[in-house]
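# Structure at a glance
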Amino acid sequence: MKLIGKHEKDSRAFRDAMALTLNEMMAEDKSICYVDCDLMSCVNTKMLQKNYPDRAIQAGIAEGNAAGVAAGLAATGKKVFFHSFGTFSSRRCYDQIYMSAAYAGLSVRVLGSDPGVTAAFNGGTHMPLEDGAMYLSIPESTVIDATDYDQLKSITRQLVDVEGVSFTRFPRKSVIQVYGEGSEFQIGKGVVLHESENDVCTVVASGIMVDEALKAYETLQAEGISVRVIDMFTWKPLDEELLLKAARETGAIVTAENHNVTCGLGSVVANCLARNLPTVQEFVGVQDQFGQVGPQDFLMDEYGLRAPNIIAAVKKVLERK
């Protein structure tokens, strides 16, 4: 893994990490299938329909039916990837995913694009702030909040071997590049981005909040406050060993997520700490609110998803420590 940390947007569209990688994978493995809900043009997967017309299925604007198709294909031994916007690949087809795939013991890799505020001008109806929570509640599921292009590329390759239902959230458009090209990651293992013996708090972030955590780290360092930064891109299974090590060594935790704080990464972390090592914690994320229409920058400011919010949370948790 190579950390870039320049806070610059990637020239590559985030969606292409998934689309181009799946295109390669489907050429290598004829058992891989892709199911979409009339959004192939949105995530650049039309190439899959062109290159593999018998394995790239357009199910239309009908996520419940698409989930059933995905489960049916999985039942025949196919390795299935199923995509829709995050709000529809969670809320709209939850019962079908739960019963037809998860309860039936079938492996379906659900891809939810534009999570949280990255839905931007699509507005509150298309803004999933609880999608991760829904999939966290499915027994034996895997839940991932991808950080950037190279991480999603690495994850997509690994998903084909993940058993059961998995849910991967990722923005469609360009985001800040955090990692260098060719970086590799392991599902279920967090990534330590900054660490020292003098750390007094650990910031645990995922997705678009990782870059905000890195900005917060730089400001806090300049103020003489040393914090550890972890990219916990896998919410489930959580890297409990890494989290508990950080909690023991720093004694305070701040979580940062592009999701409702009542039921996402912060909750998973709090659950682990409560069971194993009670630790003071603050939660940065959407504070139990609905989404709204607006550019992503405005929404990140509006919902407190910025480095200054993380800095304030660190200082608050240190007062409680």
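Residues numbered from 1 in each chain as written. Predicted model: local features only at pLDDT ≥ 70, side-chain atom pairs only at ≥ 80, totals over all residues. Heavy atoms only, no water.

Before going further, it helps to spend a moment on the nonpolar core. Within the largest apolar cluster, 68 residues are counted, with the highest numbers of intra-cluster contacts made by Y34, F81, I310 and V314. Those residues in contact with F81 that sit more than four places away from it in its chain are L22, M25, I32, C33, Y34, V35, R109, L111, T156, L159 and V160. A70, V108, Y135 and W235 belong to the second largest nonpolar core, which has 42 residues in total. (Core = buried A, V, L, I, M, F, W, Y, C linked by side-chain atoms within 4.5 Å. Buried < 20%, exposed > 50% of the residue type's maximum accessible area, 1.4 Å probe, protein only. Contact = heavy atoms within 4.5 Å.)

Listed as buried for helix α8 (residues 240–250) are L242, L243, L244, A246, A247 and T250. Structurally, α8 contributes buried residues whose contacts are with β7 (191–194), β8 (201–205), β9 (227–231), β11 (252–260) and α9 (265–276). One or two residues past the end of α8 sits G251, with phi positive at roughly 75°. (Helix = DSSP H or I, 4+ residues; strand = E, 2+ residues; numbered from the N terminus.)

Moving on, we come to the sheet that holds β8. By definition, the strands of a sheet pair up through backbone hydrogen bonds, in either a parallel or an antiparallel sense. In space, the five strands of this open sheet follow the order β7-β9-β8-β11-β12, with mixed pairing throughout. With one partner strand each, in any of the chains shown, β7 and β12 (280–286) form the two edges of the open sheet. If you compare each strand with its neighbour and ignore which way they point, the axes differ by 25° on average. As judged from the five bridges shared by β8 and β9, these two strands associate in the parallel manner. For T202, the partnering residue across the bridge sits in β9 and is R228. Here helix α7 (residues 209–222) sits on the sheet and contacts β7, β8, β9, β11 and β12; the angle it forms with β9, its principal contact strand, is near 170°. Here helix α11 (residues 307–320) sits on the sheet in contact with β8, β9, β11 and β12, set at roughly 160° to β12. (Pairing = 2+ DSSP bridges. Axes fitted to C-alpha atoms, helices over the stretch in contact; angles between N-to-C directions.)

In short, geometric facts, not functional conclusions.
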